[in-house]
Amino acid sequence: MPTERIVLGDGVYLNLLRCDKFKTNYLSVDFLANLSPERTAAYALLPPVLTRGTERFPDMISLTRELDMLYGSRIYPSVAAAGDVQLFGFTSSPLRSEYADGTDVTGEVLRLIASMLSSPRSVDGCLSSAYTESEKKIMIDRIRARINDKAAYALRRCSELLSEGELSAIPLLGTEEQAARVTAPFLTECLKTARESLRIELYAIGSFDIGRLTALARELFVLPGRRTPAPLVTERNPRRHHARRITETQPITQAKLCLGYRTGCYPEDEALPAYSMLTEVLSGSPTSKLFMNVREKKSLCYYCHASSNLPKATMIVSSGIDAADRERAEEAIIGEIEACARGEITDEELEAAGNSVANSIRAMYDDPAALKSWYLGRGLFSRAMDPDAFLEKLLSVTRDQIAEAAQRLSLDTVYFLEGNGTTEENSSEEEDHLE
Amino acid sequence: MNELVKSELLREAYYRIRHESGLEIYVFPKDLAVTYAILATRFGSVDNRYRIDGGSDTVEIPDGTAHFLEHKMFENEDGEDTFQKFARTGADANAFTSFRSTSYVFSCTGKLPESLEILLRSAFSPYFTDMNVKKEQGIIAQEIRMGEDDPNDICFRELLCCLYEKSSLRIDIAGSVESISRITPRLLYDCHSAFYNPRNMILCVCGRADPDEVTEVVRRVLSDRKPLEVVSLPAQEPPAVFRPRAERRMKVSKPLFCIGVKDSDISPSPAERMKKTAVMQLIASLYFGKSGEFYNRLYSDGLISPSFSCWSQHNSAFSFFTLSGDSDDPDRVFEAFSSHAAAIARAPVPREDFERCRRSLYSRFVKLFDSTEDIAVSLVTDFAVDGGDIFAYGEILRSLTAEDAERVLPTLFRPEAFAMSVVRPLPTDQ
């Protein structure tokens, strides 16, 4: 899949991946900023407020009706983080003109996104406070609702503990207090900053007239007088704790155990393919060590998998267990990692890891959103290799190299979320502490 | 029988093949990286009574049996798990059980015949022992407990308990810790021979696949299978809702609600059911979607959030329409829904809005054809399982009229068919 990266203006990039096997194109616009206690909540709030209405389509009814007419297109607000960087903006998958009676839906959707940024619904130059307040309330509810999904909650708590004191410990939507402080005038100022001096990454994946799209993107996204964006930084912290233990309680029936590791392997590290294969051997497929041995053979947990934060060089093994099995589950998980460090990886496990990673990387070529995350996410921290080129490196990793990657792991934080045997919270103060 | 079915509209085509064993096969060629295969049996959580081949014996089975069987099908007599076998071909396999069917799936980027053979052999070679059944009881009990921690799941399940009195929709797909404790190897073998007979099953392969290649694998694995008729005998469900309201308290930050409408007007004709499915989807989008007055009024009043959703299920076994989300005041949402439903049930359908929503729905349907997984799963579980056809559904979406909706609205929105389930925060969190 040919890729092209075009500099449209100071810190504004258009990334093109051309292919004609889909009925839809993929479009995304992302603004990039370092996470910060002052602005993260506001930046997270911007896309949802801007998708509420523009000057021309002032409310959701008129905006959605316009999108319905654009062959059922939708524009989704997005927010994500990579390392200490927050990415916020919009995504859309407009129908290709061949399936839309010849209409250039992609161009129209890009114009609509641009109009959300350039002429949002405003009063006297200030973003609508009604929309700001209503989206803020929803965002605060989302922040509070983080507690509903216990597995994700435990994983996030462990991740916060691993990055304590760093920017990446700031939640993606900010804290409830940070969100509550955002006002419409402040949001208006954040929008101005975003358009004038944040890095902007546009992605277009599919089939289109490159010349026309490039000209349109330049016209829409490069403001006169744009300033060079400040460099994006991601702090790096080596090992800080020696298997410290944090236990919290909630009224749940299934306990969650998360083991937070420092991997010592950053995105530009030559050992990255070996580390990636290690996570694959551990939990990439249903024949991986954690699934096969901890879950299937020992029946110690319902789920057990490893997830990585590459820019922060951390890995968390999270599992759902019976509280009574805590020690045995922890021992079993650590045991599997130690086995990897000793090079105890069978030919079959290695082959299965290679097969499964090949399958998932090749599958990315069917998933434009995954391709975009690959190039954008990896490109922030090192030169983003094409997925199939990276796959070649993965498939040449040896058992010894995986063992070396496992030897570099150090257990930093063990987070345990257990039930308190009731259906009630043990104390409301505990809840404050949790948040 | 080997038939090529084309859709000029979508510029797509698939082969439909009826194998001599009775297996219904669909091969949908698509030039994408991933090839996706799904093997489904019409055996879901609602099928807990059945009869075989005109016999008179009715067999009753414990709740959660279909799901239990799904968990056990990847275990083999040679001691090697099916996942391990797939690991050698690199396919990514999974399985899932719904109300109406159990599906075994894999996706791959190569070695299709090898993976397909593993899938078929595994589904048609049951291996159950006292020991492996007992072990699974422990694993599934954990899964059931995990479901009990999920407030959205609980809210929806409670709604089904409001809507239905006799139907097994009341029971979690996984059953209960008690019901699965009654499952034995014998019972699993009986259910397997009844429901996992090829005549009750559908195979679809979408991607870089050739019909001859697929049928050759099927022939190798299923040459000695005889078709068998199995009849599911679900409990007779009265048309009225069982109870209008349910409430639970759980660890949630904000109340969750599920409003449901029970519908008993189900046609025996698959084509009619597809049409009604489309109408119900259209009603959801036209009257409860983001471009509608209802959603926007409640959203502006802070009564609902973007988590609000409205959808429906309509098939030969059951039909309901549901709205769910979170709200500080679910009762006001319910009142707003009731009066809105009463108004739209009587009023003419606005032609222009109808046309806009129809076009949007159709466009989104077209987008489904960008993914081999979406095509295969939808073709089988949304359509073939219920006797429907995915291309015919596209045609229906193209030709649906406001009059079609006007015929459904008054019978769908009857106040006596409404119910609501609410999950509220624990008292200490308020």
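Residues numbered from 1 in each chain as written. Chains lettered and ligands numbered in written order. Predicted model: local features only at pLDDT ≥ 70, side-chain atom pairs only at ≥ 80, totals over all residues. Heavy atoms only, no water.

J.: What is the right way to look at the overall build of chain A in this model?
T.: Check the secondary structure of chain A and you find 16 helices and 13 strands. On C-alpha atoms alone, chain A measures out to a radius of gyration of 23 Å, which is about the 22 Å that the 2.2 N^0.38 rule sets for 435 residues. Based on the C-alpha atoms only, the size of chain A along its principal axes is roughly 60 × 50 × 40 Å. The 435 residues of chain A split such that 60% are buried. Partitioning the intrachain contacts of chain A with sequence separation of at least 6 by distance along the chain shows that 81% fall at a separation of at least 24. Carbon and sulfur atoms make up 50% of the accessible area of chain A, which amounts to about 17100 Å² in all. Positive and negative charge centroids in chain A, built from 50 and 64 side chains respectively, lie 3 Å apart. (Helix = DSSP H or I, 4+ residues; strand = E, 2+ residues; numbered from the N terminus. Rg over C-alpha atoms; globule rule 2.2 N^0.38 Å. Buried < 20%, exposed > 50% of the residue type's maximum accessible area, 1.4 Å probe, protein only. Contact = heavy atoms within 4.5 Å. Areas by Shrake-Rupley, 256 points an atom, 1.4 Å probe, with all protein chains shown as cover. Lys, Arg positive; Asp, Glu negative; His and termini not counted. Charge placed at Lys NZ, Arg CZ, Asp CG, Glu CD.)

J.: Could you clarify how one ought to interpret the interface of chain A and chain B in this entry?
T.: By a widely used convention, the size of an interface equals the accessible area lost when the partners come together. Each partner contributes to the interface: chain A provides 59 residues, whereas chain B provides 57 residues. Taken as a group, Lys23(A), Tyr302(A) and Asn359(A) account for 13% of the area that chain A buries against chain B, more than any other trio of residues on that side. Put simply, chain A and chain B have 6 salt bridges between them. Residue Asp328(B) pairs with Lys137(A) through a salt bridge whose shortest N-O separation is 3.5 Å. Here chain A is connected to chain B by 28 residue pairs in polar contact (both at pLDDT 80 or more). Of the residues forming the side of chain A that touches chain B, the biggest block, 8 residues, is contributed by helix H12 (residues 347-363) of chain A. Class assignment of the residues belonging to the side of chain A that touches chain B gives a composition of 21 nonpolar, 15 polar and 23 charged. (Buried area = accessible area lost by both parts, 1.4 Å probe. Salt bridge = Lys/Arg side-chain N within 4 Å of Asp/Glu carboxyl O. Polar contact = N/O pair within 3.5 Å; in protein donor to acceptor, adjacent residues only side chain to side chain. Nonpolar A, V, L, I, M, F, W, Y, C, P; charged D, E, K, R; others polar.)

J.: Would you take a moment to explain the confidence of the model for chain A for this structure?
T.: Any residue range with low pLDDT should be treated as having predicted coordinates unsuitable for detailed reading. Residue and element names in this part refer to chain A. For chain A, per-residue confidence averages 91 on the pLDDT scale, and residues scoring 70 or more make up 96% of the total. Taken element by element, the predicted model of chain A shows its lowest mean pLDDT in helix H16 (residues 428-434) (26) and its highest in helix H1 (residues 40-50) (98). Across residues 423-435 the pLDDT falls below 50, and counting only partners more than four positions away or on other chains, this stretch makes 29 contacts in the model. (pLDDT = per-residue confidence, 0-100.)

J.: When you look at empty space enclosed by the protein in this model, what are you seeing that I'm missing?
T.: Take a probe with the size of a water molecule and roll it over the atoms, and the empty space left behind shows itself. Per the counting criterion, the structure on display carries 5 cavities of 30 Å³ or more. Approximately 60 Å³ is the volume found for the largest cavity. Lining the largest cavity are Phe31(A), Ala114(A), Leu117(A), Ser118(A), Arg195(A), Ile200(A), Leu220(A), Phe221(A) and Leu223(A). Mapped by element, the contributors of at least two residues to the lining of the largest cavity are helix H3 (105-118) and helix H8 (210-221) of chain A. Across the lining of the largest cavity, the residue classes break down as 7 nonpolar, 1 polar and 1 charged. Taken together, Phe43(B), Gly44(B), Ser45(B), Asp47(B), Asn48(B), Ile61(B), Pro62(B), Asp63(B), Gly64(B), Thr65(B) and Ala66(B) form the lining of the second largest cavity. Residues of the lining of the second largest cavity, tallied by class, amount to 4 nonpolar, 5 polar and 2 charged. (1 Å grid on protein atoms, 1.4 Å probe; cavity = no way out; pocket = protein on both sides within 12 Å on 5 of 7 lines; lining within 4 Å. Points joined across faces, edges and corners; volume = space filled by probe spheres on them.)

J.: Just checking my understanding: could you explain unusual backbone geometry for this structure?
T.: Most peptide bonds adopt trans geometry, and most residues besides glycine take a negative phi value. Residue and element names in this part refer to chain B. Notably, arginine 11 is not glycine yet its phi reads approximately 55°, a positive angle. Positive phi, close to 50°, is recorded for lysine 111, a residue that is not glycine. As for its position among the elements, lysine 111 is in the loop between strand E8 (102-108) and helix H3 (112-124).

J.: For this particular structure, what's the right way to read the domain arrangement of chain B?
T.: Residue and element names in this part refer to chain B. Each domain of chain B was delimited in the assignment, giving domain 1 (2-232) and domain 2 (245-429). Relative placement of domain 1 and domain 2: their C-alpha centres are 27 Å apart. Here domain 1 meets domain 2 over a buried area of about 3600 Å², counting both sides, of which 76% is carbon and sulfur. Our count for the domain 1 to domain 2 interface comes out at 2 salt bridges. Here aspartate 386 ties to arginine 100 by a salt bridge, and the two come within 2.8 Å at their closest N and O atoms. Run the count over domain 1 and domain 2 and you get 11 residue pairs in polar contact (both at pLDDT 80 or more). (Domains from an automatic or database assignment.)

J.: Explain the domain arrangement of chain A to me, please; I cannot follow it from the model alone.
T.: Residues and elements named next belong to chain A. Taken as a whole, chain A is organised into domain 1 (3-221) and domain 2 (244-434). Summarising the inter-unit geometry, the C-alpha centres of domain 1 and domain 2 are found 29 Å apart. Of the roughly 2800 Å² buried between domain 1 and domain 2, counting both surfaces, carbon and sulfur atoms make up 68%. At the surface where domain 1 touches domain 2, the tally comes to 6 salt bridges. The salt bridge partner of aspartate 30 is lysine 372, with a shortest N-O separation of 2.6 Å. Those elements that provide at least two residues to the side of domain 1 that touches domain 2 are strand E3 (26-34), strand E5 (85-92), helix H5 (150-162) and strand E8 (199-206).

J.: Teacher, can you tell me more about the pattern of salt bridges here?
T.: As a working rule, side chains carrying opposite charge can pair if their charged atoms are close by. Counted by the stated rule, this structure contains 73 salt bridges over all chains. With a closest N to O distance of 3.6 Å, Arg227(A) and Glu196(A) form a salt bridge. Of the two residues, Arg227(A) sits in the loop between H8 and strand E9 (244-250) while Glu196(A) sits in helix H7 (residues 184-197), which places them 31 residues apart along the sequence. Linking Glu75(B) and Lys72(B) is a salt bridge whose minimum nitrogen-to-oxygen distance equals 2.8 Å. By relative accessible area, which is 1% here, Lys72(B) ends up buried. Each of Arg65(A), Asp68(A), Arg74(A), Asp353(B) and Arg356(B) takes part in a single network of salt bridges with overlapping partners.

J.: Please explain the packing of aromatic side chains as it appears in this structure.
T.: Geometrically, a pair of aromatic rings is defined through the distance of the ring centres and the angle of the planes. Inspection of the entire model under this criterion finds 39 aromatic pairs over all chains. Among the aromatic side chains, those forming a connected cluster through ring pairs are Phe288(B), Phe294(B), Tyr295(B), Tyr299(B), Phe308(B), Phe321(B), Phe334(B), Phe337(B), Phe413(B) and Phe418(B). Just above the ring of Phe390(A) sits the side chain of Arg378(A); from NZ or CZ to the centre is 5.0 Å. Stacked on the ring of Tyr99(A), the Lys or Arg Arg11(B) has its end atom at 4.8 Å from the ring centre. (Phe/Tyr/Trp six-rings, centres within 6.5 Å; stacked < 30°, edge-to-face > 60°. Lys NZ or Arg CZ within 6 Å of the ring centre and 35° of its normal.)

J.: What am I meant to see in the nonpolar core here?
T.: Of all hydrophobic cores here, the largest spans 133 residues; its most connected members are Leu110(A), Phe221(A), Phe288(B), Phe321(B), Phe337(B) and Phe413(B). At 10 residues, the largest contribution of residues to this core is made by helix H9 (residues 270-288) of chain B. Non-local contacts of Phe321(B), meaning those with residues more than four positions away in its chain, are made with Ile259(B), Gly260(B), Val261(B), Met280(B), Ile283(B), Ala284(B), Phe288(B), Cys310(B), Trp311(B), Ser312(B), Leu412(B) and Phe413(B). Core analysis: the second largest hydrophobic core is formed by 64 residues, Cys19(A), Cys301(A), Ala358(A) and Tyr375(A) among them. (Core = buried A, V, L, I, M, F, W, Y, C linked by side-chain atoms within 4.5 Å.)

J.: Is there a simple way to explain the sheet that holds E8(B) in this structure?
T.: Two strands in a sheet stick together by hydrogen bonds in their backbones, pointing the same way (parallel) or opposite ways (antiparallel). Residues and elements named next belong to chain B. Here 7 strands make up an open sheet; going across it, the order is E1-E2-E3-E9-E4-E8-E7 and the pairing mixed. A strand with exactly one partner marks an edge of an open sheet, and here the two such strands are strand E1 (2-7) and strand E7 (92-97). On average, each strand axis in the sheet is inclined to that of its neighbour by 15°, with strand direction left out of account. In this sheet, E8 lies alongside E7 in antiparallel orientation, the contact comprising 6 bridges. Across the sheet, residue aspartate 92 finds its bridge partner in E8, namely serine 107. Running at roughly 165° to E7, helix H1 (residues 65-72) makes contact with E7 and E8 of the sheet. Its contacts with the sheet place helix H8 (residues 211-222) against strand E2 (12-18), strand E3 (24-29) and strand E9 (201-207), and it is angled at close to 150° to E3. (Pairing = 2+ DSSP bridges. Axes fitted to C-alpha atoms, helices over the stretch in contact; angles between N-to-C directions.)

J.: Can you help me understand the state of the cysteines in this one?
T.: Two cysteines joined by a covalent bond between their sulfur atoms form a disulfide. Following the criterion strictly, the structure yields 0 disulfides over all chains and no others. Cys126(A) takes part in no disulfide bond, and the closest cysteine sulfur to it belongs to Cys190(A), at a distance of 12 Å. Note on Cys310(B): no disulfide assigned, nearest cysteine sulfur contributed by Cys258(B) at a separation of 11 Å. With a relative accessible area of 19%, Cys310(B) lands in the buried category. (Disulfide = S-S within 2.5 Å.)

J.: Just to check I follow, could you spell out helix H15 (residues 399-407) of chain A for this structure?
T.: Note: α-helices contain 3.6 residues per turn, so residues at a spacing of three or four share the same orientation. Residues and elements named next belong to chain A. Among the residues making up H15, those that are buried are Ile402, Ala403, Ala405 and Ala406. Buried residues of H15, seen end-on, are gathered within an arc of 160° and therefore sit on one face of the element. Counted as exposed and oriented over 90 degrees from the buried face of H15: Asp400 and Gln407. (Arc of directions from axis to C-beta.)

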